[in-house]
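# Close look at the chain arrangement
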Amino acid sequence: MKLERLQPHQRDELAKLIHTSLDVWHRTRLNTDRFGNEWEPFRLTVEVYEALDPGCCVVAMDDSGALVGSAFFHPRETHVGVGVVSVHPTVFGRGVGRALMEEIIRLAAGKPLRLVSSAMNLDSFSLYTRLGFVPQLMLQSMTLQVPTAGFPGASTRMRPATMADVAAIADFEFRLNGIRKEQDYPFFVENQSGRWRLAVIEKPDGSLAGFLAASALPPDNLLGQGVAEDEATMLELMRGMLDQHFRGQSVAFILPSRCSSLVQQAYAWGARNRETNLLSVLGDAPPMRAITLPTFLPESG
Ligand SMILES: CC(C)(COP(=O)(O)OP(=O)(O)OC[C@H]1O[C@@H](n2cnc3c(N)ncnc32)[C@H](O)[C@@H]1OP(=O)(O)O)[C@@H](O)C(=O)NCCC(=O)NCCS
């Protein structure tokens, strides 16, 4: 097996690998058909990650040159985000995941690494914790069918973010959570694919109270990433995003389980739990003082 960077001609092969890996794992371990039969939607995952972090995908190839594993990494000012990690089902449990992660730890050159993983997946939990990752935050992924009439009483304070907001958003997140990812936010605002939303709520003095991104990327519509000073502000952002952009559609989001008023509101809307998750860090993990909604796309541990 050898480790290399993803080449442009391997993108479709990688999309198939990610689909097969997730699909077979979930069918055989959890008896669920969560990822369907089609690999094509995963082209978008590869496209988004390559657009946001060009050249930041390590692939494992067998002796014939076929892809048997992959791991994306996302270098940021304060840390390196990791994910999605996928190994071909024919070689589960044979050290491919560890080899990919060790390479990314080497590339991180001492910076902390952060990721969101399934808490229902003992294979990934074991892989990451054996390498020294420490779970910091219990999360729950939920799905919600937004009513066609939306949510009455949606926020009047929420507005779309502009390029002029980007530095303030990054500073806000750094002040509250000790991590900075400024390059994510222009990507959302530029919105070249038309699939991204980014909204902010300000306080009367003009400083930020919170922000929330959303994406419409098959197989999911997703809320997140988002950061707010308090649960009321995050709820206002969630309600506003769902109402303005996702009426009549199914949307997924990841809530910190400790944010009980958000969790209870999600249940009251009819949301269902899809998975439990953990935000884990290898290295320095500053306290997360904000109400934080991570996502898998782009991976935002
Ligand atoms: C999760 C996944 C990436 C792991 O990759 P892998 O190549 O099978 O994992 P590896 O064989 O390299 O490593 C597994 C490690 O966990 C250890 N492990 C596995 N089960 C364990 C258990 N129950 N308790 C303790 N350790 C365990 C193994 O011993 C090994 O550690 P070691 O290298 O120190 O011996 C792979 O199963 C996969 O692709 N799954 C589907 C997609 C997915 O879930 N991705 C992760 C999303 S968060």
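For the structure given in this document, a descriptive report is provided here. (Residues numbered from 1 in each chain as written. Predicted model: local features only at pLDDT ≥ 70, side-chain atom pairs only at ≥ 80, totals over all residues.)

## Quick notes on the pairing of strand E2 (residues 57-61)
Counting buried residues along E2, four of its five residues qualify, which places the element largely inside the surrounding structure. Bridging between strand E1 (residues 2-5) and E2 involves four bridges; their strand directions are antiparallel. Counterpart to Leu-3 in the pairing with E2 is Ala-60. Relative to strand E3 (residues 67-75), E2 runs antiparallel, the two being bridged by five bridges. Residue Cys-57 lies in a different strand from E3, and its bridge partner there is Phe-72. Connecting E2 to the next strand, E3, in antiparallel fashion are five residues, including Gly-65 with a positive phi near 95°. (Buried ≥ 20, exposed ≤ 12 C-beta atoms within 10 Å, placed from the backbone. Helix = DSSP H or I, 4+ residues; strand = E, 2+ residues; numbered from the N terminus. Pairing = 2+ DSSP bridges.)

## What to know about helix H1 (residues 11-30)
Helix length check: H1 (20 residues) gives 28 Å between terminal C-alpha atoms against 28 Å at 1.5 Å per residue, within 8%. Among all positions in H1, only Leu-14, Leu-17, Ile-18, His-19, Ser-21, Asp-23 and Trp-25 are buried. Among the structural elements, helix H2 (42-52), E2, E3 and strand E4 (80-87) are those in contact with the buried residues of H1. Just downstream of H1 lies Asn-31, where phi reads positive at about 55°. (Expected span 1.5 Å × (residues − 1). Contact = placed C-beta atoms within 7 Å.)

## Examining the pairing of strand E12 (residues 272-282)
Of the pairings in the sheet, the one linking strand E5 (residues 113-118) to E12 comprises six bridges and is antiparallel in character. Bridge pairing links Ser-117 to Leu-278 in E12. Of the pairings in the sheet, the one linking strand E6 (residues 134-145) to E12 comprises nine bridges and is antiparallel in character. Within E12, the residue paired with Leu-139 across the bridge is Asn-277.

## So, the site of the ligand
In the neighbourhood of the ligand, 22 residues make up the surrounding shell, with Trp-25, Gly-97, Arg-98, Ser-117 and Ser-126 lying closest. Looking at the shell around the ligand, the elements with two or more residues in it are H1, E4, helix H3 (96-108), E5 and helix H4 (122-130). The greatest single-element share of the shell around the ligand, amounting to six residues, is contributed by H4. A per-class count over the shell around the ligand returns eight nonpolar, 10 polar and four charged. (Near = placed C-beta within 6 Å. Nonpolar A, V, L, I, M, F, W, Y, C, P; charged D, E, K, R; others polar.)

## Observations concerning the environment of Leu-255
Assignment of secondary structure puts Leu-255 in strand E11 (residues 250-256). In this structure, the C-alpha to C-alpha distance between Leu-255 and Asn-277, residues 22 residues apart in sequence, is 9.3 Å. Excluding residues within four positions of it along the chain, Leu-255 makes contact with Leu-139, Gln-140, Met-142, Leu-262, Val-263, Ala-266 and Leu-293.

## Topic: unusual backbone geometry
Cis rather than trans, the peptide bond between Gly-83 and Val-84 has omega equal to 5°. Its place among the elements puts Val-84 in strand E4. A cis amide bond, omega 5°, links Gly-224 with the succeeding residue Gln-225. Even without glycine at this site, Asn-31 takes up a positive phi of about 55°. Here Asn-31 is to be found in the loop between H1 and H2. Phi is positive for Asn-191, close to 55°, though the residue is something other than glycine.

## Comments concerning the packing of helix H7 (residues 231-245) against helix H8 (residues 260-269)
Look at H7 against H8: their axes get within 9 Å of each other, and the N-to-C directions meet at 30°. Accordingly, the angle class assigned to the pair H7 and H8 is roughly parallel. In the packing of H7 onto H8, the handedness of the crossing is right-handed. Across the interface between the two elements, Glu-231, Met-234 and Leu-235 of H7 pack against Ser-261, Leu-262 and Gln-265 of H8. Residue composition of the contact of H7 with H8, grouped by class: three nonpolar, two polar and one charged. (Axes fitted to C-alpha atoms, helices over the stretch in contact; angles between N-to-C directions. Parallel < 35°, antiparallel > 145°, perpendicular 65-115°, else oblique. Left-handed = near helix turned anticlockwise from the far one by under 90°.)

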